[in-house]
Amino acid sequence: MKALVVSDVVSEVLYSPEVRCAGAGVDVVLSCGDLPYEYLEYIVSVLDAPLFYVRGNHDGRLLRSDGRESFGPDGGRSIDGRLVRIGGKGGTAAWVAGFGGSGPYCGGGYERSERDMSRSVRRIATLLGWRRLVGDTRLDVVVSHAAPRGMHDAEDPCHRGFECFLRLMRSRAPRLWLHGHVHPSYGIDLRPLRVGETEVRGVYGYEIVEIG
């Protein structure tokens, strides 16, 4: 399955007819947050691909240039705190979990404490446990806004990664962990990392990734 992953900064390539070439053959669009809703809607309308997203710390009710009240991009599906099965062409499918928001820093954005995020992680673990009844406890991909602790993160409260993500990574070994939130201008090296069976990718702008 081919996924277009977007996060944090609007790409002029994707916000133009060139998106047809850049996103050719894409099965699904995954957003790690902090992007205008109109931008996401434009991409998926041109590519005719489903959108699954988490909210970034700067996302809010009115992330629209026209001021129209909205809680998310039209036609997209929030996967924040959810476990969803995403299907691709040819019958391929992947189980994907999502976690939005960043660590608390000013009280003005979509901020989450370690304790609060831990509750979301435990909920996903519980859902995976229930799926044991059907013999499938796979977690293929995690989409988060913030990074796991110690991976592409920083020491300031806003950009510090979540410890609870590491527990999920160790216990469920997703094949791919996608996050946004940190920018190369912060001096952070965003080259992919591998932790056990999991590849951790920090996305700034957009990337094309293969799932499965």
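Shown above is the structure to which this text applies.
So, how was this worked out
- Residues numbered from 1 in each chain as written.
- Predicted model: local features only at pLDDT ≥ 70, side-chain atom pairs only at ≥ 80, totals over all residues.
- Heavy atoms only, no water.
- Pairing = 2+ DSSP bridges.
- Helix = DSSP H or I, 4+ residues; strand = E, 2+ residues; numbered from the N terminus.
- Axes fitted to C-alpha atoms, helices over the stretch in contact; angles between N-to-C directions.
- Contact = heavy atoms within 4.5 Å.
- Buried < 20%, exposed > 50% of the residue type's maximum accessible area, 1.4 Å probe, protein only.
- Lys, Arg positive; Asp, Glu negative; His and termini not counted.
- Salt bridge = Lys/Arg side-chain N within 4 Å of Asp/Glu carboxyl O.
- Polar contact = N/O pair within 3.5 Å; in protein donor to acceptor, adjacent residues only side chain to side chain.

1. Quick look at the sheet that holds strand S8 (residues 176-179)
- What the 6 strands build is an open sheet, ordered S5-S6-S7-S8-S10-S9; its pairing is mixed. Every other strand in the sheet has two partners, leaving strand S5 (83-87) and strand S9 (193-195) as the edge strands with one partner each. This sheet shows a mean twist of 25° between the axes of neighbouring strands, independent of strand direction.
- Sheet analysis places strand S6 (residues 93-99) next to strand S7 (residues 141-144), joined by 4 bridges and oriented parallel. Of the residues in S7, the one forming a bridge with Phe99 is Ser144.
- Contacting S5 and S6, helix H3 (residues 114-130) runs over the sheet at an angle of about 155° to S6.

2. Section: the side chain of Asp34
- Turning to its location among the elements, Asp34 is positioned in the loop between strand S2 (28-31) and helix H2 (37-47).
- Among buried Asp, Glu, Lys and Arg side chains, Asp34 stands out as unpaired, with Arg55 the closest opposite charge at 8.2 Å.
- Within polar-contact distance, the side chain of Asp34 engages the backbone nitrogen of His58 at 2.8 Å.
- Not counting the four nearest positions on each side in its chain, Asp34 is found in contact with Asp8, Gly56, Asn57, His58, Asp59 and His145.

Worth remembering: the numbers are spatial, not functional.
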